[in-house]
Amino acid sequence: MKDRIALAMIEEAERQGLLTPEKIVIEASSGNTGIGLAMVCAAKGYRCVIAMPESASLERRKVMQAFGAEIILTPASKGTDGAIEFVYDLVRAEPEKYFCPDQFNNPANWQMHYRTTGPEIWAQTEGKVTFVVSALGTTGTAMGIARYALDNKLPFKVVGVEPYPGHKIQGLKNMKESFPPGIFDRKILHKVINVHDEEAYEMARWLAKNEGIFVGMSSGAALFGALKLAEEIEEGVIVVIFPDHGERYLSTPLWSFEVKEEERELYLFNTLTQKREPFVPKEPPLVKIYTCGPTLNIRPHLGLYRRLLTADILKRYLKLYGYKPFHVVNLTDFDDKTIQKALKEGRPLRELTEEVEKAFYEDLEFLKIKRADAYPKVSENLEEMKELAFKLYQKNLAYEKFSALYFDVSRFFDYGRLAKVDLKHLKAEITVDEEHYEKEEPYDFALLKRVHILEMKAGYFLETPIGRVRPTWHIHCACIALKYLGDNFDIYTSGRDLIFPHHENTRAVAKALTGKELANYWVHTELVYYEGKKLSSENRITIPDIKERGFEGRVLRLYLLQSHYSSPLNFSWKALEDAKRLLEKLETYLAYISFAQEKILPEMEREALWEKLEAFERSFKEALKEDLNTPRAISELTSILKDLYRQAEKGFPPGYKEKLFEVLKKYNEVFEFLRFPKVVREKEILELAEKRDRARKEGRYEEADAIREELLRGGFYVFDTLYGTKVVRFEEEEYTS
């Protein structure tokens, strides 16, 4: 029946001269009307565009696309109303280009049901119909049949079925929370029955299972409403309208119980969707990852390294499963901060940025963060950035003002989806751009900014048709990501403080250019705080500060990983000291385990030990699989090493220690804060250890302690065990990048 109204609206527009061959038919629809319009436009040769919320079923989208319709997705949070707003705004801006059938206000909608559906029901029931039950979406079906009955003074009545607020029944409307269609008149309905989502789903599933009738959510809602109505009357004939097919809803919650999710090696919390999602790489085994890197005006603080550590753990974990990450980290060496500092200090910009870049790489090495595959600089991509900005200008998505180029947020329908920002709810004085420019709206942001006179004097600019400019940070990451990773890649990682406006703007620029989502997964690391304030250029903890206090990089690495990346980290020197003590304890456990002898143990004890080891290998992978839960993985390590340290006196089954250290080294391929004990065989070291033993036995404890300190300064650790004094050297494993 929805195809009927599509045809009626198109033919009425043709008759009135509103629709001509050069116009594009555009409509907001989450379902069946859109399919009908796509089909009619295909038959008649019109170009068709359908705007729908992202939450609409994939099957409906595919049907429309099969008929040649172009799909524009609007934020799911606003439902069909968001699509309606988008279409109305577009048609109002370009009335000569678009024709909107406007099913919600078009009389041709209900008139088609007045002429066809109503008379058919009356004729096919031989006048015995008592009630017609119809779910309320655009409301054309219910309105047309009700008007037909009223005008012809027929005895049957029309009952509408409406979902409750907050519903997820696609195609239906709750008139209080949505825009009520202009054609809707509640007074001509006999009554309206409200239905919960699960009631609608239950009926649709029941029809499929027991009657072999495969329908969708709207049909399920209508049937449930009819059954509620049937309970209220003693006799009569109820006709229920089933407007849709079940196969158009397969990707929705209606049939989700039938879909078994394939188990994946990794699940990530995706900022874009606000959901835990299985990670499915686009081109396995390749995994493309982008991370916002440092601005090279000053040595970075721990906040930056924490987000780079998240990316490091992610890459290392993926490698365990045979994936091949390709990682890009941008270096911002040509922006306001770097140029202003260079001018202030009276030194060449390149000299400054190369100095900070060198320090950055030293810090990465200290923290054992693997190098990315590429570190593209902003200064190396200026021409590409200029080109992208003017492409947006040519697409009418940007405008020029006072020799600067601005992105017009109002022309990009999808703005705010990543940061969950609705521009209508922002105060007028709030800007999405941290810099102050002469733009038309506070929400717009600069792509190319006019340079200041001192910047021009120093030669820090690009020549363009609109004047001498510099790309702003809003286009930096978009350009570099598109150039090095393509128009749609796997994972974008960064800090939570950059979600708005930086990442929202980056995403808008890229998607406006390509029509594609820049990254499939957005992973954001929370901020680091010190003394109650987030780390910043004024409140800083840097790697040199850590070194100055005598801490190793692997201690800092352990400390940072003891908190989940999505939780804020309140840095304290005491907590860092605690991490150091924990690492020393773990290495002590490893040493005593390495000294333990192989023994034939009772079967139950032997089996329990092997089961414990297998469980640990599973558990640390399971922890990382669940959104890189490093605190849990560290807890699992601490627990097993503590247990095995106690077992060391009893010994281990043959082959157990070799397997244990094999598993631990696999663990350390991801974490890389452990060192492993190596037995010392140097004659002079062993002689010193024996000398210390004699001193202890003879009560010369000061001499024994002095020998221990001498060995420790040389990198040798002395342990007193049941098997005598043992000396080891702790060595770090070499892991290939």
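It should be noted that the structure appears before, not after, this text.
Residues take numbers from 1 onward in each chain, read along the sequence in its written order. The predicted origin of the model limits local features to residues at a pLDDT of at least 70 and limits the giving and counting of side-chain atom pairs to 80 or more, whereas totals for whole chains, interfaces and linings rest on all residues. Water and hydrogen atoms were dropped before computing side-chain values, which therefore reflect all heavy atoms in the structure.

Ranked by internal contacts, the top residues of the largest apolar core, which has 138 residues, are Tyr290, Phe407, Ile546, Leu556, Phe571 and Tyr667. Setting aside its immediate chain neighbours within four residues, tyrosine 667 contacts Phe616, Phe620, Ala633, Ile634, Leu637, Phe673 and Leu674. To define a nonpolar core, start from buried Ala, Val, Leu, Ile, Met, Phe, Trp, Tyr and Cys residues and group those joined through side-chain atoms within 4.5 Å. Relative accessibility thresholds used throughout: buried, under 20% of the residue-type maximum; exposed, over 50%; partly exposed, between the two (1.4 Å probe, protein chains only). Note on contacts: a residue pair qualifies if any of its non-hydrogen atoms lie within 4.5 Å across the two residues.

Bringing helix 13 (residues 382–394) into the picture now. Each helix is a run of H or I in the DSSP string that is no shorter than four residues. Each strand is a run of E no shorter than two, and both are numbered from the N terminus. Under the convention used throughout, the expected extent of a helix is 1.5 Å for every residue step, that is, one less than its residue count. Along its 13 residues, helix 13 runs 19 Å from first to last C-alpha, staying within 8% of the 18 Å computed at 1.5 Å per residue. The complete set of buried residues in helix 13 reads Leu382, Met385, Lys386, Leu388, Ala389, Phe390 and Leu392. Note on helix 13: the residue one or two positions beyond its end, asparagine 396, has a positive phi of about 65°.

Our focus in this paragraph is the sheet that holds strand 15 (residues 445–450). Should DSSP find at least two bridges between two strands, the strands are regarded as paired. Within the open sheet, the 5 strands sit side by side as 13-14-15-17-16. Their pairing is antiparallel. Two strands bound the open sheet, and with one partner strand each, they are strand 13 (398–401) and strand 16 (462–464). Within the sheet, the average angular offset between the axes of one strand and its neighbour, ignoring direction, is 35°. When strand 13 meets strand 14 (residues 404–407), the two strands line up antiparallel, connected through 4 bridges. Paired with lysine 401 across the bridge in strand 14 is alanine 404. The strands touched by helix 13 are strand 13, strand 14, strand 15, strand 16 and strand 17 (467–471); relative to strand 16, the strand with the most contacts, the crossing angle is about 30°. Fitting a line to C-alpha atoms yields each axis, with helices limited to the stretch in contact; the angle taken between N-to-C directions then spans 0 to 180 degrees.

The topology assignment puts aspartate 490 in strand 18 (residues 489–495). This count recognises Lys and Arg as positive and Asp and Glu as negative, with His and chain-terminal groups excluded. Salt bridge, as used here, is a side-chain nitrogen of Lys or Arg placed within 4 Å of a carboxyl oxygen of Asp or Glu. One buried charged residue, aspartate 490, remains without a salt bridge, the closest side chain of opposite sign being lysine 288 at 7.1 Å. Sequence-distant contacts of aspartate 490, that is, excluding residues within four places in its chain, are made with Phe279, Val280, Pro281, Lys282, Leu286, Val287, Lys288, Ala519, Asn520 and Tyr521.

With that settled, consider a negative patch on the surface. Patches were defined on residues exceeding 30% relative accessible area and lacking a salt bridge, with like-charge contacts within 9 Å and nonpolar side-chain contacts (Val, Leu, Ile, Met, Phe, Trp, Tyr) within 5 Å. Values of accessible area rely on a 1.4 Å probe in the Shrake-Rupley scheme; residue burial ignores everything except the protein chains shown. Where a charge lies is defined by one atom per residue type: Lys uses NZ, Arg uses CZ, Asp uses CG and Glu uses CD. Negative charge collects at one region of the surface, where Glu603, Glu607, Glu611 and Glu614 lie side by side. Mapped onto the fold, glutamate 603 is located in helix 20 (residues 603–625).

Between its first and last C-alpha atoms helix 21 (residues 630–647) spans 26 Å; for 18 residues at 1.5 Å apiece the expected length is 26 Å, and the two agree. Turning to helix 21, its buried residues are Thr630, Ala633, Ile634, Leu637, Ile640, Leu641, Leu644 and Gln647. Projected onto a plane normal to the axis of helix 21, the buried residues spread over an arc of 145° and lie on a single side. Buried residues belonging to helix 21 abut helix 10 (302–320), helix 18 (553–561), helix 19 (573–595), helix 20 and helix 22 (656–671). For helix 21, the side-chain oxygen to backbone nitrogen distance between the N-cap and arginine 632 is 3.2 Å, and the N-cap itself is asparagine 629. Picture the helix axis, draw a direction to every C-beta atom, and the arc is the one those directions span. Any pair of N or O atoms that falls within 3.5 Å is considered a polar contact. Within protein, one atom must be able to donate a hydrogen and the other to accept it, and sequence-neighbouring residues count only if both atoms are side-chain atoms.

Right, let's get into the sheet that holds strand 4 (residues 98–99). Ordered in space as 3-2-1-4, the 4 strands form an open sheet in which the pairing is parallel. Of all the strands in the sheet, just strand 3 (70–74) and strand 4 have a single pairing partner and so form its edges. Here helix 3 (residues 58–66) sits on the sheet in contact with strand 2 (47–53) and strand 3, set at roughly 150° to strand 3.

If you trace the backbone, glutamate 27 turns up in strand 1 (residues 24–28). Taking the relative accessible area as the measure of exposure, glutamate 27 reaches 1% and is therefore buried. With residues near it in sequence (within four places) discarded, glutamate 27 still touches Leu37, Val49, Ile50, Ala51, Val87, Cys100, Pro101, Asp102, Gln103 and Phe104.

Nothing here speaks to function; it is geometry throughout.
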